[in-house]
Amino acid sequence: MSWRDVGGEGGVRFDAPAYEVVGYQGRGVDGAAYLPSAGIVFLDAAGDPWWIIFQESPGVDSRRAQVRGDVLACSEHHDELVHVRILAADVLRVDADAAFRQNAPVSFEEAAEVAARIPGPVG
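The rules behind these values
Going along each chain's sequence as written, the residues are numbered from 1 onward. The predicted origin of the model limits local features to residues at a pLDDT of at least 70 and limits the giving and counting of side-chain atom pairs to 80 or more, whereas totals for whole chains, interfaces and linings rest on all residues. Derived side-chain values reflect all non-hydrogen atoms in the structure, with water molecules and hydrogen atoms excluded from consideration. Throughout this description, buried means an accessible area under 20% of the type-specific maximum (1.4 Å probe, protein chains only), exposed means over 50%, and partly exposed covers the range between. Under the DSSP-based scheme used, a helix requires at least four consecutive residues in state H or I and a strand at least two consecutive residues in state E, with every element numbered from the N terminus. By definition, residues are in contact when any of their heavy atoms lie within 4.5 Å. Only buried Ala, Val, Leu, Ile, Met, Phe, Trp, Tyr and Cys residues count toward a nonpolar core, and they belong to the same one when joined by side-chain atoms within 4.5 Å. A cavity here means a set of 1 Å grid points, computed over protein atoms only, where a 1.4 Å probe fits but cannot escape. A pocket is an open set with protein on both sides within 12 Å along at least 5 of 7 lines, and lining residues have an atom within 4 Å of a point. Grid points are joined across faces, edges and corners, and a volume is the space filled by probe spheres set on the points. Here the term charged refers only to Asp, Glu, Lys and Arg, the term nonpolar to Ala, Val, Leu, Ile, Met, Phe, Trp, Tyr, Cys and Pro, and the term polar to all other amino acids, Gly among them. Two rings from Phe, Tyr or Trp (for Trp, the six-membered ring) form a pair when their centres are within 6.5 Å of each other. A pair whose planes differ by under 30 degrees is stacked, one over 60 is edge-to-face, and the rest are tilted. What the arc describes is the spread of directions from the helix axis to the C-beta atoms. Pairing between two strands requires that DSSP report at least two bridges joining them.

Regarding helix α1 (residues 93-103)
- Along α1, the positions that sit buried rather than exposed are R93, A96, A98, A99 and F100.
- Turning to α1, the residues buried within the fold contact β4 (29-34), β6 (49-56), β7 (68-75), β8 (82-92) and α2 (108-116).
- Looking at the residues trailing α1, positive phi occurs at A104, about 45°.

Spelled out as structure tokens, the structure:
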């Protein structure tokens with residue numbers, strides 16, 4: 001697992017290869033992090049840190065506003081693994097970004113609630 005500040009590219013990226021990830025169907029993660037107002041991780045009620053990221057769907061090649069992907073909660077390392085929870089699946093990035101910008105969650109639980117309200121695919 002690693003994270004990096006990509007400054008001019010618009011924020012912080014979080015990534016972990018598939019062999020370090022549990023709970024995401026054998027996939028690794030590499031996405032743009034949403035940040036709470038104080039810090040870079042969201043703390044849950046137990047005080048455990050979580051990254052909340054948007055991960056684009058594999059093979060996506062479309063205009064930025066139409067990019068689909070998943071909003072994921074990624075734990076800090078536990079037993080050398082990153083535990084992933086899918087908070088919203090197959091959502092538009094523009095909708096996810098707007099939801100996090102407008103609601104500005106500060107805890108893991110608030111971030112999960114924001115993600116649950118992001119509109120999913122139609123049909």
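Structure shown, so let's carry the discussion forward.
Things to note about the nonpolar core
- I52, V71, F100 and I118 are the most contacted members of the largest nonpolar core, which totals 19 residues.
- Counting residues per element, this core draws most heavily on α2, which supplies four residues.
- In contact with I118, other than residues within four places in its own chain, are V71, V91, D95, A96, A99 and F100.
- One finds F14, A16, C74 and V84 within the second-largest nonpolar core, a separate group that totals 14 residues.

Examining the layout of surface pockets
- Put simply, the largest pocket is a space of about 180 Å³.
- Breaking the lining of the largest pocket down by element, the ones donating at least two residues are β4 and α1.
- Counted by class, the lining of the largest pocket contains nine nonpolar, two polar and two charged residues.

Structural notes on the packing of aromatic side chains
- Summed over the entire model, instances satisfying the criterion amount to three aromatic pairs.
- Ring centres of F14 and W51 lie 5.3 Å apart, and the angle between their planes is 40°; this geometry places the pair in the tilted category. Placement of F14 in strand β2 (residues 12-16) and of W51 in strand β6 is noted, with a sequence separation of 37 residues between them.
- Overall, the relative accessible area of 1% leaves W51 in the buried class.
- On the numbers, 5.0 Å between centres and 35° between planes, the contact of W50 with F108 is tilted.

Points about the environment of G11
- Note that G11 resides in the loop between β1 (2-5) and β2.
- The exposure class assigned to G11 is partly exposed, which follows from its relative accessible area of 21%.

Some thoughts on α2
- Where α2 is concerned, the buried positions are F108, A111, V114 and A115. The buried side chains of α2 occupy one side of the element, clustering within an arc of 120° when seen end-on.
- Tucked into the core, α2 has its buried residues touching β5 (42-43), β6, β7, β8 and α1.

Section: the pairing of β7
- Across the eight residues that make up β7, a large majority, seven, are buried.
- Of the pairings in the sheet, the one linking β6 to β7 comprises seven bridges and is antiparallel in character. Directly across from W51, in β7, lies its bridge partner C74.
- Strand direction decides the pairing type here: β7 and β8, joined by six bridges, are antiparallel. Paired with G69 across the two strands is V91, which belongs to β8.

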